[in-house]
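Residue-level structure breakdown
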Amino acid sequence: MTATTADARPPALRLPKRRGVELSLLIGAVLISVYGYAAVGLARNNAVPPDVAGYGAGLGLLALLAHLAVRFRAPFADPLLLPIAVLLNGLGLVLIYRLDLETPRDQAATTQLIWSTLGVAFFIAVVVMLRDHRVLQRYAYLSVAAALVLMIVPIFFPAVNGAKIWIRIGGLSFQPGEFAKILLAVFFAAYLAANRNALAYTGRRIWKLQLPTGRVLGPIVAIWLLSVGVLVLERDLGTSLLFFGLFVIMLYVATGRTGWIAVGLLLAAAGAFAVGSFEPHVHSRVEDWLDPYATIDAGEGPSQLAQSLFAFAAGGMLGTGLGLGHSILIGFAAKSDFILATAGEELGLAGLTAIFLLYALLVARGFRAGLALRDPFGRLLSIGLASILALQVFVIAGGVMGLIPLTGMAMPFLAQGGSSVVTNWIIVALLIRVSDVARTPDPPAGPSPGPPAGETAAEEAR
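First, a word on scope: everything that follows refers to the structure included in this document.

Procedures and definitions
- Residues numbered from 1 in each chain as written.
- Predicted model: local features only at pLDDT ≥ 70, side-chain atom pairs only at ≥ 80, totals over all residues.
- Heavy atoms only, no water.
- Helix = DSSP H or I, 4+ residues; strand = E, 2+ residues; numbered from the N terminus.
- Buried < 20%, exposed > 50% of the residue type's maximum accessible area, 1.4 Å probe, protein only.
- Contact = heavy atoms within 4.5 Å.
- Areas by Shrake-Rupley, 256 points an atom, 1.4 Å probe, with all protein chains shown as cover.
- Patch = residues over 30% accessible without salt bridge, like charges linked within 9 Å, V, L, I, M, F, W, Y side chains within 5 Å.
- Salt bridge = Lys/Arg side-chain N within 4 Å of Asp/Glu carboxyl O.
- Expected span 1.5 Å × (residues − 1).
- Phe/Tyr/Trp six-rings, centres within 6.5 Å; stacked < 30°, edge-to-face > 60°.
- Axes fitted to C-alpha atoms, helices over the stretch in contact; angles between N-to-C directions.
- Parallel < 35°, antiparallel > 145°, perpendicular 65-115°, else oblique.
- Left-handed = near helix turned anticlockwise from the far one by under 90°.
- Nonpolar A, V, L, I, M, F, W, Y, C, P; charged D, E, K, R; others polar.

A closer look at the overall build of the protein chain
Each helix and strand in the protein chain was counted, giving 17 helices and four strands. Scored against the burial criterion, the 462 residues of the protein chain give a buried share of 48%. Taking all contacts inside the protein chain whose residues are at least 6 apart in sequence as the whole, residues at least 24 apart take part in 73%. As displayed, the protein chain offers around 22200 Å² of accessible surface, 67% of which is attributable to carbon and sulfur atoms.

Now the structure itself:
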């Protein structure tokens, strides 16, 4: 006998892939969405919609194709990311369809389903073609150049609802700033990862905050200021706030200094005060936020924010039921900026809490995937992408609930908006790719070398 049982190498730990769990959750997400679609028809027409089977089959096919892409190309990916995205997207289609019943001349559910299909196609393309997220680090400066171009182009197009953020060509329209946020997240992650050691060395000391040297911090601050400046010219204050929050969060994660959070809050407060005081479009929204019932007192009827607050109040704890609310009174933005009010009225506080928990779980799993990685770029990229979703939910939910002044943005997956739903599917695909790398077990090491022949012979002689 040359070796004992105790000397044998233990077998490598086999981590479960959880693809079966993902498939089960996807089935549940599709069934919940189909149930909501049927509930709207029963509430409005006392009959199940005739195309409910087609809706369920279409959503189920999209979910199955996305699942197969993950199963074969990212087998160790987080099993919760895709089902949460499918459920939120399905609920969004249900809410838009419900509001379409109130606006026969403005049907948006079919268009949103087409954009959702395109979003899933991009999801599959990213999962299949991007084998390693670290490849994106090579294109950091190309990403920021493309992001700036995407943000500048809408300046030359007419404003829509007071903001120049749309590109309209014939009957097609899209919002390029939605894609720019992913490109800027890639740039911020690549630059901060490459200069993480230099960021540890401090330059000037301002009060209790140690700043990095200007040579290191200057380029990224310049890019951030340029992007925010362009967005201010376009009156897209929601995306400006999103980019500012993304910059501060990623800088804090890269440096580990809590002082950046304080500086970020101070700068955000100063910028919000300045823009809210001198920009008429923003100033009117601040005034509406301070007194949402002023138009009622003036005899002009309730404002959109007031109608939103009425919708939340009417929902109560359990809601009025799908199809039985009156949130369409909000007006032209009921399907986009204020779609959360429909969810609050018809699903109640319980349903609204469930939706927020889905978003929280999606963001938390993105953070978890990033923290499990060893490479700084992947960690920053994952946290940045998850932060984009978190900031969007906070800004939009806070605006329609009267917690902060309203800004024009789309609730991820729920609201009407083709550019938004496609971008969010790309974000989920990147998080899938990052989580697959984070959860993939390390390859087993080779067999350990045995003792020299002389020592083995000596042991056997004993």
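The structure having been displayed, the exposition proceeds.
Notes on a nonpolar patch on the surface
A contiguous nonpolar patch, built from Leu-23, Ile-27, Leu-31, Leu-61, Leu-64, Leu-65, Leu-68 and Phe-72 and spanning about 740 Å² of accessible area, is present on the exposed surface. Listed by contribution, the elements that provide at least two residues to the nonpolar patch are α1 (19-45) and α2 (52-73). It is α2 that provides the largest number of residues to the nonpolar patch, a total of five residues.

Overview of helix α13 (residues 304-315)
Helix length check: α13, at twelve residues, gives a terminal C-alpha distance of 17 Å against a target of 16 Å (1.5 Å per residue), a fit within 8%. Three or more residues of α13 are buried, namely Leu-305, Ala-306, Gln-307, Ser-308, Leu-309, Ala-311, Phe-312 and Gly-315. Looking one or two residues past α13, Gly-316 carries a phi angle of roughly 60 degrees, positive in sign.

Some thoughts on the packing of aromatic side chains
The final tally for this structure, using the stated rule, is nine aromatic pairs. With a centroid separation of 4.5 Å and an interplanar angle of 15 degrees, the aromatic rings of Tyr-37 and Tyr-55 are classed as stacked. Placement of the pair is Tyr-37 in helix α1 and Tyr-55 in helix α2, with a sequence separation of 18 residues. Here Tyr-37 and Tyr-55 have matching classes, each one buried. Seen in terms of ring centroids, Tyr-141 and Phe-187 are 5.8 Å apart; in terms of plane orientation they differ by 65 degrees. Their pairing is edge-to-face. Here Phe-187 lies in helix α6 (residues 176-194) and Tyr-141 lies in helix α5 (residues 140-152), a separation of 46 residues in the sequence. Using a relative accessible area of 2% as the deciding quantity, one classes Phe-187 as buried.

Considering the pattern of salt bridges
Scanning all chains against the criterion turns up ten salt bridges. One salt bridge in this structure joins Lys-335 and Asp-100, with 2.6 Å as the shortest N-O distance. Within this pair, whereas Lys-335 is found in the loop between α13 and α14 (339-371), its partner Asp-100 is found in helix α3 (residues 81-100), the two being separated by 235 residues in sequence. Counted as one network, the salt bridges with shared partners bring together Arg-44, Arg-98, Glu-102 and Glu-346.

Overview of the packing of α3 against helix α4 (residues 109-129)
For any two helices packed against each other, the geometry comes down to the angle between their axes and how far apart the axes lie. Interhelical geometry of α3 versus α4 gives an angle of 165 degrees and a closest axis separation of 9 Å. The angle between the axes of α3 and α4 places the two elements in the roughly antiparallel class. For α3 against α4, the interelement crossing comes out right-handed. Residues Leu-82, Asn-89, Leu-93, Ile-96, Tyr-97 and Asp-100 of α3 touch α4, and the partners they reach there are Ala-109, Gln-112, Leu-113, Ser-116 and Phe-123. In terms of residue class, the contact of α3 with α4 is made up of seven nonpolar, three polar and one charged.

Some points on the side chain of Ser-143
With respect to the helices and strands, Ser-143 occurs in helix α5. Of the residues examined, Ser-143 reaches a relative accessible area of 9% and is grouped as buried. If we skip the residues at most four places from it in the chain, Ser-143 touches Leu-183 and Val-186.

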